[in-house]
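Examination of the molecular architecture
Spelled out, the chains give:
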Amino acid sequence: MTALNQPGILLALPAASRYQLWRLAGDAPAVRAALARLQQWADGEQVVVCMGQPVANLLGVQVPGLRNFPAITGPQGPLALTPHALCLWLRGNDRGDVLRLSREAAALLAPAFSREKVVDCFRHGWNGKDAVRDLTGYEDGTENPKDDDAVHAAIADGMGPGLDGGSYFAVQQWQHDMDAFARMSAMQKDHMIGRRLSDNEELDDAPASAHVKRTAQESFSPEAFILRRNMPWWKVQPDGSDAVGAIFAGFGRSFDAFEAQMRRMAGEEDGIADGLFQMSNPITNAYYWCPPMLNGRVDLRALGL
């Protein structure tokens with residue numbers, strides 16, 4: 001038997017993706033049956049499967065390391081706690097691929113799960129290798145670990161069968177105020193991020209609130225390395241206006257590294273909030289566990305399946 005991580009976690013970002021967030025709508029037997037169907041279908045590449053604490057609670061099991069998103073207060077107040085039972089990250093070459101996967105998932109999971117939220121994402125400013133851009137124009141993921149370092153940051157090991165190869169997944173939907181961003185001067189924008197937009201160079205004279213300084217992974221003790229798989233999202237509102245932002249998607253060996261970064265961003269360490277809060281705010285925040293793969297299928301032994 002060969003246990004591996006779900007391959008979609010480490011692969012380059014797809015051109016299009018969708019986050020499907022599901023709540024429980026059935027009892028434990030119905031949920032077990034739906035998860036068994038999902039296990040036969042999901043490949044871990046086009047469909048990355050992520051379990052929330054409500055599933056473990058319903059099934060009466062404890063998944064080591066899985067917990068709910070903590071209470072954290074940012075400059076606008078407490079961060080919203082938005083747990084879901086199941087998150088599917090659907091990945092495709094185009095939106096048609098994602099739509100097909102979305103319909104297939106809905107048919108498999110009903111009636112035990114009810115789809116509560118969908119966020120459609122897309123790749124922006126891709127350089128053909130590993131760099132992408134946020135809708136602000138700034139490169140996203142410059143300091144992402146690569147190759148073996150990415151595996152070490154994102155994938156758990158030494159935990160035993162059913163857990164080795166898994167990953168702990170923090171997901172936030174950040175909504176940007178693009179009008180507020182447009183009102184900033186070029187220097188204000190660069191100081192908010194801590195890099196120059198023109199060449200992506202880190203600024204030595206950036207303020208302590210700069211995002212790069214708030215989240216420098218090697219500056220924590222212990223170091224707080226995670227693998228980010230962020231993508232922009234865009235939704236047309238009923239009044240015709242555009243709601244836009246970024247899905248922060250952080251994979252780790254545990255939630256500890258992400259949590260250390262988020263608490264510093266919120267200013268819990270020194271009262272200095274991350275500059276990003278000047279033009280963006282996380283409207284959803286949740287934790288999930290991404291099971292490993294076993295013999296080509298998602299390994300759900302930790303859930304008793």
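Reference entry: report on the structure contained in this document. All values reported here derive from a predicted model rather than from experimental measurement. (Residues numbered from 1 in each chain as written. Predicted model: local features only at pLDDT ≥ 70, side-chain atom pairs only at ≥ 80, totals over all residues. Heavy atoms only, no water.)

Some details on the overall build of the protein
- Along the backbone of the protein there are eight helices and 16 strands.
- On C-alpha atoms alone, the protein measures out to a radius of gyration of 19 Å, which is about the 19 Å that the 2.2 N^0.38 rule sets for 305 residues.
- Reported as C-alpha extents along the three principal axes, the dimensions of the protein are approximately 55 × 45 × 40 Å.
- Of the contacts formed within the protein by residues at least 6 apart in sequence, a portion of 77% connects residues at least 24 apart.
- Looking at the protein as shown, the accessible area adds up to about 13,600 Å², and 50% of this sits on carbon and sulfur atoms. (Helix = DSSP H or I, 4+ residues; strand = E, 2+ residues; numbered from the N terminus. Rg over C-alpha atoms; globule rule 2.2 N^0.38 Å. Contact = heavy atoms within 4.5 Å. Areas by Shrake-Rupley, 256 points an atom, 1.4 Å probe, with all protein chains shown as cover.)

Some words on the nonpolar core
- Grouped together as the largest cluster of nonpolar side chains are 60 residues, with contacts concentrated most on L35, L88, F113 and L303.
- At five residues, the largest contribution of residues to this core is made by helix α1 (residues 28–41).
- Leaving out residues up to four positions away in the same chain, F113 has contacts with W22, R23, L24, A25, V31, A34, L35, V55, A85 and L86.
- The next biggest cluster of nonpolar side chains, apart from the first, holds 26 residues, and it includes L13, V119, I247 and A286. (Core = buried A, V, L, I, M, F, W, Y, C linked by side-chain atoms within 4.5 Å. Buried < 20%, exposed > 50% of the residue type's maximum accessible area, 1.4 Å probe, protein only.)

Section: the side chain of H84
- Structurally, H84 is set in the loop between β5 (77–78) and β6 (86–92).
- On the basis of relative accessibility, which here comes to 9%, the residue H84 falls in the buried class.
- A polar atom in the side chain of H84 sits 3.2 Å from the backbone oxygen of T82.
- Polar contacts involving the side chain of H84 include one to the side chain of E116, which spans 3.2 Å. (Polar contact = N/O pair within 3.5 Å; in protein donor to acceptor, adjacent residues only side chain to side chain.)

What about the pairing of strand β3 (residues 47–51)?
- When you tally the buried positions in β3, you get five out of five residues, the bulk of the element.
- Alternating positions in β3 separate into two faces, V47, V49 and M51 on one and V48 and C50 on the other, with burial throughout.
- One ladder, built from five bridges, connects β3 with β6; its direction is antiparallel. Bridging from a neighbouring strand, M51 pairs with L86 of β6. (Pairing = 2+ DSSP bridges.)

Comments concerning helix α3 (residues 95–109)
- In a regular helix each residue adds 1.5 Å, so 15 residues correspond to 21 Å; α3 covers 21 Å between its end C-alpha atoms and thus fits that length.
- Lining the buried residues of α3 we find β2 (16–24), α1, β3, β6 and β7 (113–122).
- Near the N-terminus of α3, the side chain that reaches the backbone nitrogen of G96, with its oxygen 3.0 Å away, is that of D94. (Expected span 1.5 Å × (residues − 1).)

What about the packing of aromatic side chains?
- Evaluated as defined, the whole model comprises ten aromatic pairs.
- Each ring, one from Y19 and one from W89, has its centre 5.9 Å from the other, and the planes form 5°; the classification is stacked. In this pair, Y19 is assigned in strand β2 and W89 in strand β6, connecting sequence segments 70 residues apart. For the pair shown, Y19 and W89 are each scored as buried.
- Ring centres of F255 and Y287 lie 3.8 Å apart, and the angle between their planes is 5°; on these two criteria the pair is classed as stacked. Of the two residues, F255 is situated in the loop between β13 (242–252) and α8 (256–265) and Y287 in strand β14 (residues 280–290); the sequence distance between them amounts to 32 residues. Per residue, the accessibility class of F255 equals that of Y287, and both read buried. (Phe/Tyr/Trp six-rings, centres within 6.5 Å; stacked < 30°, edge-to-face > 60°.)

Some details on the side chain of Q261
- Examined against the element boundaries, Q261 turns out to sit in helix α8.
- Residues contacting Q261, with those up to four places away along its chain left out, are T215, Q217, F220, A224 and I226.

Notes on the environment of R95
- By the secondary structure assignment, R95 is in helix α3.
- Sequence-wise, R95 and W233 are 138 residues apart; in three dimensions their C-alpha atoms are separated by 13 Å.

Examining the pairing of β14
- With nine of eleven residues buried, β14 is to be regarded as a mostly interior element.
- As paired strands, strand β10 (residues 167–176) and β14 are joined by ten bridges and run antiparallel to one another. Along β14, the bridge assignment pairs S167 with C290.

Considerations on helix α6 (residues 186–193)
- Listing the buried residues of α6 in full gives K189, D190, M192 and I193. For α6, the buried positions fall inside an angular range of 155° around the axis, keeping them on one side.
- Each element contacted by the buried residues of α6 is listed here: α5 (178–183) and α7 (211–214).
- Downstream of α6 by a residue or two, G194 has a phi angle that is positive, lying close to 95°. (Arc of directions from axis to C-beta.)

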